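Residue strings, one per chain:
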Amino acid sequence: MIKISCQEQLLPGNTLQEKFAFARDAGYDGIEVRGHGGFRFRDRLPELRQAARDGVPMPSVCVDMPHFFAAFDPDLRRDALDQMKSQLSVIAEVGGPGAVACTPASWGMFSRRLPPFEPPRSEAEDRAVLLDGLAELGEHAAREGAILALEPLNRYEDHMVNRLDQAVELIEAAGLTSVKVLADTYHMNIEEDEPTSALARAAAHLGHVQVSDSNRFQPGAGHLDWAALLGTLDAVGYRGHLAVECRLRGEPATAVASIPGFLRRHDLLVAA
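An account of the accompanying structure is given in this report. Just so it is clear, the structure is predicted and the values come from calculations on it, not from any experiment.

Time to look at the overall build of the protein chain. The number of helices and strands found in the protein chain is 10 helices and eight strands. Relative to the compact-globule value of 19 Å for 272 residues, the protein chain shows a C-alpha radius of gyration of 18 Å, a close match. Along the first, second and third principal axes, the C-alpha set of the protein chain runs to 50 × 45 × 35 Å. When the 272 residues of the protein chain are sorted by exposure, 52% land in the buried category. Of all intrachain contacts in the protein chain linking residues separated by at least 6 positions in sequence, the fraction that spans at least 24 positions is 77%. Entry remark: accessible area of the protein chain is about 11,600 Å², with carbon and sulfur atoms responsible for 53%. Averaging the coordinates of the 27 positive side-chain charges in the protein chain and doing the same for the 39 negative ones gives two points 2 Å apart.

Glancing now at the environment of P219. For P219, the location among the structural elements is in the loop between β7 (206-211) and α9 (226-235). Each C-alpha atom, one on P219 and one on V129, is 35 Å from the other, the two residues being 90 residues apart in sequence. Excluding anything up to four places from it in sequence, P219 contacts V211, S212, D213, W226, I259, F262 and L263.

The final tally for this structure, using the stated rule, is one aromatic pair. Over the ring of F217 we find R249; its NZ or CZ atom is 4.4 Å from the centre of that ring.

That bond from P115 to P116 is cis: its omega, 15°, falls within 30 degrees of zero. Its place among the elements puts P116 in the loop between β4 (100-104) and α5 (123-144). With a phi close to 60°, F39 is a non-glycine residue in the positive phi region. Along the chain, F39 falls in the loop between β2 (30-36) and α2 (40-43). For F39, a relative accessible area of 23% gives the class partly exposed.

Below, the discussion takes up the packing of helix α3 (residues 45-53) against helix α4 (residues 74-95). The interhelical angle for the contact between α3 and α4, taken along N-to-C directions, is 25°, at an axis separation of 9 Å. Taken together, α3 and α4 sit at an angle that is classed as roughly parallel. As for the relative orientation of α3 and α4, their crossing is right-handed in sense. Packed against α3, whose contacting residues are L45, L48, R49 and A52, the element α4 presents V90, E93 and V94 at the interface. Each residue belonging to the contact of α3 with α4 can be placed in one class, and the counts come to five nonpolar, no polar and two charged.

Let us look at the pairing of strand β3 (residues 60-64). Here β3 lies mainly inside the structure; four of its five residues are buried. As judged from the five bridges shared by β2 and β3, these two strands associate in the parallel manner. Paired with E32 across the two strands is S60, which belongs to β3. Where β3 meets β4, three bridges bridge the pair, whose relative direction is parallel. Each residue of the ladder has a partner; that of V61, found in β4, is A101. Note on the crossover from β3 through α4 to β4: the handedness is right-handed.

Every α-helix winds through 3.6 residues per turn, so residues three or four apart in the chain are directed the same way. Among all positions of α9, only W226, L229, L230, G231, T232 and L233 are buried. The positive-phi residue at the C-terminal boundary of α9 is G237, with phi of around 80°.

Rules behind the numbers
Residues numbered from 1 in each chain as written. Predicted model: local features only at pLDDT ≥ 70, side-chain atom pairs only at ≥ 80, totals over all residues. Heavy atoms only, no water. Helix = DSSP H or I, 4+ residues; strand = E, 2+ residues; numbered from the N terminus. Rg over C-alpha atoms; globule rule 2.2 N^0.38 Å. Buried < 20%, exposed > 50% of the residue type's maximum accessible area, 1.4 Å probe, protein only. Contact = heavy atoms within 4.5 Å. Areas by Shrake-Rupley, 256 points an atom, 1.4 Å probe, with all protein chains shown as cover. Lys, Arg positive; Asp, Glu negative; His and termini not counted. Charge placed at Lys NZ, Arg CZ, Asp CG, Glu CD. Phe/Tyr/Trp six-rings, centres within 6.5 Å; stacked < 30°, edge-to-face > 60°. Lys NZ or Arg CZ within 6 Å of the ring centre and 35° of its normal. Axes fitted to C-alpha atoms, helices over the stretch in contact; angles between N-to-C directions. Parallel < 35°, antiparallel > 145°, perpendicular 65-115°, else oblique. Left-handed = near helix turned anticlockwise from the far one by under 90°. Nonpolar A, V, L, I, M, F, W, Y, C, P; charged D, E, K, R; others polar. Pairing = 2+ DSSP bridges. Right-handed = clockwise from strand over helix to strand, strands pointing away.

This is the structure:
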């Protein structure tokens with residue numbers, strides 16, 4: 001049976017305990033919390049510790065900051081690295097062994113698809129920054145007992161890491177088992193020639209999966225082949241969570257409650 005978590009901002013309720021009560025009744029297995037900048041995720045430790053004591057599973061945190069570890073500006077880069085190390089420490093404490101902290105290399109910083117087309121750093125310089133950041137974060141993750149998951153974003157949101165194979169190549173070069181790849185079905189829909197083949201090739205390094213449909217709405221609202229995607233994850237032995245990260249079409253509570261049933265029906269179709 002697949003495990004499904006939902007990002008906290010999509011769930012009704014004022015506390016993580018209230019949100020998980022709704023999520024559990026809808027068929028979810030956990031909550032993916034959001035890691036805001038300014039060390040606000042660390043500042044939530046009392047709340048997160050109490051939620052964990054109350055039985056709220058929090059297997060992953062998705063970074064939510066204005067800049068990331070491969071920023072052009074060195075001060076922003078240093079801040080993002082420090083923020084991510086803090087998030088790794090916090091999720092390791094409240095999420096349990098193997099908890100995942102998710103981050104892209106950058107978001108909205110530059111796209112080769114829009115003018116001026118050429119970024120201020122060369123590809124070799126980009127690669128050096130990426131490998132330095134992955135080494136620092138991966139070593140910290142290893143010490144904490146957590147996983148850092150590198151998320152490829154589509155070409156309009158990042159110019160450096162767009163496909164799973166690009167992330168895998170960097171992860172192999174970094175050489176740390178605490179660094180994995182995050183597969184996001186929305187970005188894969190844009191960038192991968194064929195998503196299931198891309199998942200199969202990245203299987204050995206797959207650490208986390210986030211799900212939304214081709215239009216960024218909830219699974220079932222677009223044209224992705226969910227039976228094929230879930231069948232591939234089954235076949236490669238993925239045992240992590242599918243974390244719902246999407247916009248919602250329709251009444252929000254009804255829409256978010258419908259997702260686990262939709263995904264499990266398609267998973268069962270594969271199993272049958």
